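Each chain is listed here by its residues.
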Amino acid sequence: MDGEPSAEVKASSCTPVVSESREGPTGSKEDEELSLITWNIDGLDGEEQPARARSLCSYLLSYSADVVLLQEMVQAYMRFMHKRLADTYTFIEGGREGYFTMILLKKSRLTLLDSQNLFFPNSRMMRNLLVAQVLFRGQKLWLMTSHFESCKANSVERMRQLRVVMKKMSKAPDDVTVLFGGDTNLRDYEVATVGIPSNVCDLWEQLGEPEKCRYTWDTVANTNKEIPFKCHFRFDRVYLRRATQDGIPQLDPDNMQLIGLEKLRCGLFTSDHWGIYCTFSVKQK
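Residues numbered from 1 in each chain as written. Predicted model: local features only at pLDDT ≥ 70, side-chain atom pairs only at ≥ 80, totals over all residues. Heavy atoms only, no water.

**Regarding the confidence of the model for the protein chain**
Residue-level pLDDT values for the protein chain average 91, and 89% of them are 70 or greater. Confidence drops under pLDDT 50 across residues 1-22; counting only partners more than four residues distant or on other chains, this segment forms 59 contacts. (pLDDT = per-residue confidence, 0-100. Contact = heavy atoms within 4.5 Å.)

Below is the structure:
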């Protein structure tokens, strides 16, 4: 994946069969708007990696999100992306070996202050919580991503990881706005069991539970994986905890949409997960 794709590959493997709007937001970006993408990119799947990596970069460049939260990143993908995106984004890696999480911050919009990589001690799958502390228009943000424990059998550990994230979000300083986006692998009953703090909101719920954004892992619509049973889950989620200190601007969610819905010429989608693109308005409290 490190080499430049041939002209033949450029014209075939990465060209969509059905055109989905890939232009991203139209017009100039409002200065007070914050945009975010979270996506499990399935870097572990070696099938058609160059085509899928080029497609991923195409999405990120066209949507031009301020914050990009990625899961199942691998070194080959990261090297490929770095060549194409390093002028625009700061890369924060959640690991080096195997697969890991990563955060991209648009250099022209956000200033990185610090980052933390907190490993879940009981994880058997190298799972972690990656946190970036940044400034956005003078406002303090904590940006978080994680890839919670996979598979139905690991429900107990997955709920433990959710508790860790919710505690860190809810206990953040009053002058900090916290955003989490990631592949949680959560089932709704697990969320109900753990509970979401009153000062944290689920973005999808906050926006009225739009049906078109409900399922981010859908083996009916997404055929990348040969799975004998068909199912769909809302594995990928975005959570917001607003700053509460007087005088601190508030982030209000405006929009959420799924991305990566177009099939490439190679017959695969960019990932077996759909990505989430969302925008926020900054309002004075």
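**Focus: helix α3 (residues 75-85)**
Among the residues making up α3, those that are buried are Y77, M78, F80, M81 and L85. Looking straight down α3, one finds its buried side chains confined to an arc of 165 degrees; they lie on one side. Packed against the buried residues of α3 are α2 (49-63), β2 (67-73), β3 (89-93) and β4 (100-106). (Buried < 20%, exposed > 50% of the residue type's maximum accessible area, 1.4 Å probe, protein only. Helix = DSSP H or I, 4+ residues; strand = E, 2+ residues; numbered from the N terminus. Arc of directions from axis to C-beta.)

**Description of the pattern of salt bridges**
For the coordinates displayed, the defined rule picks out 13 salt bridges. With a closest N to O distance of 3.3 Å, D45 and K225 form a salt bridge. Of this pair, D45 sits in the loop between β1 (33-40) and α2 while K225 sits in the loop between β10 (217-218) and β11 (232-233); the two residues are 180 residues apart in sequence, bridging distant segments of the chain. In this structure, D202 engages R234 in a salt bridge whose closest nitrogen and oxygen atoms are separated by 3.0 Å. Of this pair, D202 sits in strand β9 (residues 201-202) while R234 is found in the loop between β11 and β12 (236-241), placing the two residues 32 residues apart along the sequence. (Salt bridge = Lys/Arg side-chain N within 4 Å of Asp/Glu carboxyl O.)

**A closer look at the nonpolar core**
Counting residues in each nonpolar core, the largest one holds 30 residues, and the members touching the most others are L34, L110, L141, L143, L179, L251 and F280. Sequence-distant contacts of L34, defined by excluding residues within four places in its chain, comprise D66, V67, R109, L110, F136, L141, L179, L251, C278, T279 and F280. Among the nonpolar cores identified, the runner-up in size contains 29 residues, and L85, Y89, M102 and L104 belong to it. (Core = buried A, V, L, I, M, F, W, Y, C linked by side-chain atoms within 4.5 Å.)

**Brief notes about the packing of aromatic side chains**
Counting across every chain of the model gives nine aromatic pairs. Ring plane angle 40 degrees and centroid distance 6.2 Å describe the contact between F180 and Y239, whose orientation is recorded as tilted. In this pair, F180 sits in strand β8 (residues 176-183) while Y239 sits in strand β12, placing the two residues 59 residues apart along the sequence. Taking the relative accessible area as the measure of exposure, F180 reaches 0% and is therefore buried. The structure contains a cluster of three or more aromatic residues connected by ring pairs, namely W39, Y59, Y63 and Y277. For R84, the ring lying beneath its charged end belongs to F80, and the centroid distance is 3.7 Å. One cation-aromatic arrangement involves R187 over F233; the distance from NZ or CZ to the ring centre is 5.1 Å. (Phe/Tyr/Trp six-rings, centres within 6.5 Å; stacked < 30°, edge-to-face > 60°. Lys NZ or Arg CZ within 6 Å of the ring centre and 35° of its normal.)

**Quick look at the sheet that holds strand β6 (residues 128-136)**
Taken in spatial order, the six strands make up an open sheet running β5-β6-β7-β8-β12-β9, and their pairing is mixed. Looking at strand neighbours, the two that pair on one side only are β5 (111-119) and β9, the edges of this open sheet. Both β9 and β12 contribute to a ladder of two bridges, which runs antiparallel. Along β12, the bridge assignment pairs C201 with L240. Contacting β5, β6, β7 (139-146), β8 and β12, helix α4 (residues 155-170) runs over the sheet at an angle of about 25 degrees to β12. (Pairing = 2+ DSSP bridges. Axes fitted to C-alpha atoms, helices over the stretch in contact; angles between N-to-C directions.)

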